[in-house]
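Take a look at the letters that make up each chain.
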Amino acid sequence: MTVDAPAPTAPVPPLALRTSAIGGSPVRDILAVTARPEVINFAGGLPAPELFDRAGIAAAFRAVLEDSPARALQYATTEGEPALREALAARITGRGLETDADDLLITTGSQQALSLLATALLDPGDTVLVENPCYLAALQVFGLAGARVVAVPGDEHGPDPVALEELVRRERPKLLYTVPTFQNPTGRTMPAARRAALAAVAARSGLWIVEDDPYGELRYDGEPVPWIAAHADAQDRTVLLGSFSKVMAPGLRLGWLRAPRELRRACAVAKQAADLHTPTVNQLAAARYLDVLDAHVATVRDVYRERRDAMLAGLPDALPAGSTWTRPEGGMFLWVRLPQSYDSTALLRQVVRHDVAYVPGAPFFAAAPDPRTLRLCFVTQTPEEIGEGLRRLAAGFADR
């Protein structure tokens with residue numbers, strides 16, 4: 001019996017060009033390489049798992065499944081469960097921004113909110129303005145949308161309003177993306193006057209502002225600064241994003257988007273095409289848990305403050321002479337600039353040999369990167385582990 005040779009086949013069509021133009025996340029790549037348990041990993045942006053309120057969250061899920069199982073396990077509206085939107089609107093209003101439940105769209109993490117906005121606002125070739133450095137996953141989203149990403153020159157307070165206005169005139173962008181409170185990666189907070197100035201530019205020039213606030217409740221020092229969305233100049237053109245990942249649990253994948261009606265509706269249509277709605281049971285459990293969230297956040301803040309202070313105290317001995325770093329009032333990160341001759345990407349391989357890791361700063365830049373920079377996350381390790389990690393970091397730099 002003879003077997004016929006397989007018929008020739010044609011190759012399948014290629015992947016979309018945008019998938020080949022955008023790489024994976026260097027942060028996630030580093031996390032994969034440094035997954036060994038002996039590595040003290042300052043690279044991640046993960047909340048401390050030992051602080052998750054497992055009992056409280058489990059009780060919320062049990063109550064939902066006992067009280068309303070049919071509703072919890074059923075499809076829901078795209079906009080989000082009314083119970084969660086109403087409780088969340090009250091929470092946002094209590095933080096100084098009058099908000100109604102109908103102003104909100106619940107998303108599957110705030111990362112999805114960015115993707116929905118890119119779908120609703122951006123056509124290939126449109127220009128997006130960003131901070132420099134910028135949240136890495138936002139750069140990925142805008143790149144996948146085919147946008148032209150342009151960095152706004154700035155200083156330690158964030159994007160410069162004069163430079164922003166000039167770029168708006170020259171580039172005609174659709175939006176400015178910013179993380180004004182405890183920014184990722186730098187940890188800096190934009191002062192109130194700078195926020196007001198950016199809002200005024202947006203009003204004069206015709207520009208959307210996307211204000212991402214995943215860390216705002218994690219404040220350890222100082223007074224809260226009003227959202228850009230609270231400025232009268234910007235109320236009709238600011239999208240505010242938030243997340244429960246850093247204050248409740250990232251595994252719930254719950255975020256939210258507050259936007260003017262027309263844009264919010266366009267994002268809801270985009271979400272219908274993406275996933276129909278965010279999981280119902282997670283939303284209902286989160287709505288119940290909001291009753292005790294403030295007490296939980298207070299506990300988390302106390303622990304993270306101690307860990308931030310431990311890292312700040314150890315940095316002078318861990319870093320080469322001439323290094324500088326930010327002193328964040330909250331959030332999860334601080335930003336280091338090494339002396340002129342250092343390259344944090346080239347140094348990482350030898351530093352990891354000492355069982356410690358960080359994220360090089362270069363991937364966070366939309367414009368020319370500063371090779372001397374790196375990001376450190378201070379919330380995942382105890383003060384004792386932070387001290388040991390910084391000693392290992394010093395040894396790694398000494399091998400240079």
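Above this text is the structure in question.
Take the overall build of the chain next. Looking only at helices and strands, the chain features 13 helices and 15 strands. On C-alpha atoms alone, the chain measures out to a radius of gyration of 22 Å, which is about the 21 Å that the 2.2 N^0.38 rule sets for 400 residues. Summarising its shape, the C-alpha atoms of the chain cover approximately 80 × 60 × 55 Å along the three principal directions. Counting every position in the chain, which comprises 400 residues, the buried fraction comes to 52%. Within the chain, counting contacts between residues at least 6 apart in sequence, those at least 24 apart form 75% of the total.

Turning next to the nonpolar core. For soluble globular proteins, nonpolar side chains are generally found buried alongside one another. The biggest cluster of nonpolar side chains holds 102 residues, and the ones touching the most others in it are Phe142 and Tyr177. It is helix α11 (residues 280-318) that contributes the most residues to this core, 15 residues altogether. Setting aside residues no more than four positions away along its own chain, Phe142 makes contact with Leu114, Leu122, Val128, Val130, Ala147, Val149, Leu175 and Tyr177. In terms of nonpolar packing, the next biggest core, distinct from the first, is built from 17 residues, Leu129, Ala163, Leu164 and Leu198 among them.

The final tally for this structure, using the stated rule, is five aromatic pairs. Arranged with centres 6.1 Å apart and planes meeting at 45 degrees, the rings of Trp335 and Phe365 form a pair that is tilted. With a gap of 30 residues between them, Trp335 in strand β12 (residues 333-337) and Phe365 in the loop between β14 (359-360) and β15 (373-377) connect regions that are remote in the sequence. One exposure class covers both Trp335 and Phe365, and it is buried. Taken together, the ring pairs connect Trp335, Phe364 and Phe365 into an aromatic cluster.

The element β12 is largely enclosed, with a buried count of four among its five residues. Across two bridges, strand β11 (residues 324-325) lies against β12 in antiparallel orientation. When the bridges of β12 are listed, Thr324 appears paired with Arg337. Summarising the sheet, β12 and β15 pair through five bridges and their orientation is antiparallel. The partner of Trp335 across the bridge, within β15, is Arg375.

Another aspect to go through is the packing of helix α6 (residues 110-121) against helix α7 (residues 136-144). Where α6 contacts α7, the two axes come as close as 9 Å, and the packing angle between them is 30 degrees. Classed by the angle they form, the pair α6 and α7 counts as roughly parallel. Classified by chirality, the crossing of α7 by α6 is right-handed. Along its contact with α6, which presents Gln111, Leu114, Ser115 and Ala118, the element α7 presents Ala137, Ala138, Val141 and Phe142.

This paragraph deals with unusual backbone geometry. For the bond from Asn132 to Pro133, the omega torsion is 5 degrees, close enough to zero to count as cis. By the secondary structure assignment, Pro133 is in the loop between β3 (127-130) and α7. A cis amide bond, omega 25 degrees, links Asn184 with the succeeding residue Pro185. A positive phi is found at Phe182, a non-glycine position, where the angle reads about 55 degrees. Locating Phe182 in the fold gives a position in the loop between β7 (175-178) and α9 (192-205). Exposure remark for Phe182: the relative accessible area of 0% places this residue in the buried category. One non-glycine residue, Arg253, adopts positive backbone phi at about 50 degrees. Among the secondary structure elements, Arg253 is positioned in the loop between β9 (238-243) and β10 (255-258).

Along the chain, the position of Arg194 falls in helix α9. Residue Arg194 is classed as buried on the basis of its relative accessible area of 13%. Discounting chain neighbours no more than four positions away, the residues touching Arg194 are Asp155, His157, Gly158, Pro159, Asp160 and Pro161.

Attention now goes to the sheet that holds strand β4 (residues 148-151). The strand order across the open sheet built from seven strands is β2-β10-β9-β8-β7-β3-β4, with neighbouring strands paired in mixed fashion. Both edges of this open sheet fall to β2 (104-107) and β4, since each of them pairs with a single strand only. Each neighbouring strand pair of the sheet contributes to a mean axis angle of 20 degrees, computed without reference to strand direction. Pairing of β2 with β10 involves four bridges; the strand directions are antiparallel. Bridging across to β10, Thr107 finds its partner in Gly255. Sheet strands in contact with α6 are β2, β7, β8 (208-212), β9 and β10, and its direction is about 155 degrees off that of β9.

Reading guide: rules and limits
- Residues numbered from 1 in each chain as written.
- Predicted model: local features only at pLDDT ≥ 70, side-chain atom pairs only at ≥ 80, totals over all residues.
- Heavy atoms only, no water.
- Helix = DSSP H or I, 4+ residues; strand = E, 2+ residues; numbered from the N terminus.
- Rg over C-alpha atoms; globule rule 2.2 N^0.38 Å.
- Buried < 20%, exposed > 50% of the residue type's maximum accessible area, 1.4 Å probe, protein only.
- Contact = heavy atoms within 4.5 Å.
- Core = buried A, V, L, I, M, F, W, Y, C linked by side-chain atoms within 4.5 Å.
- Phe/Tyr/Trp six-rings, centres within 6.5 Å; stacked < 30°, edge-to-face > 60°.
- Pairing = 2+ DSSP bridges.
- Axes fitted to C-alpha atoms, helices over the stretch in contact; angles between N-to-C directions.
- Parallel < 35°, antiparallel > 145°, perpendicular 65-115°, else oblique.
- Left-handed = near helix turned anticlockwise from the far one by under 90°.

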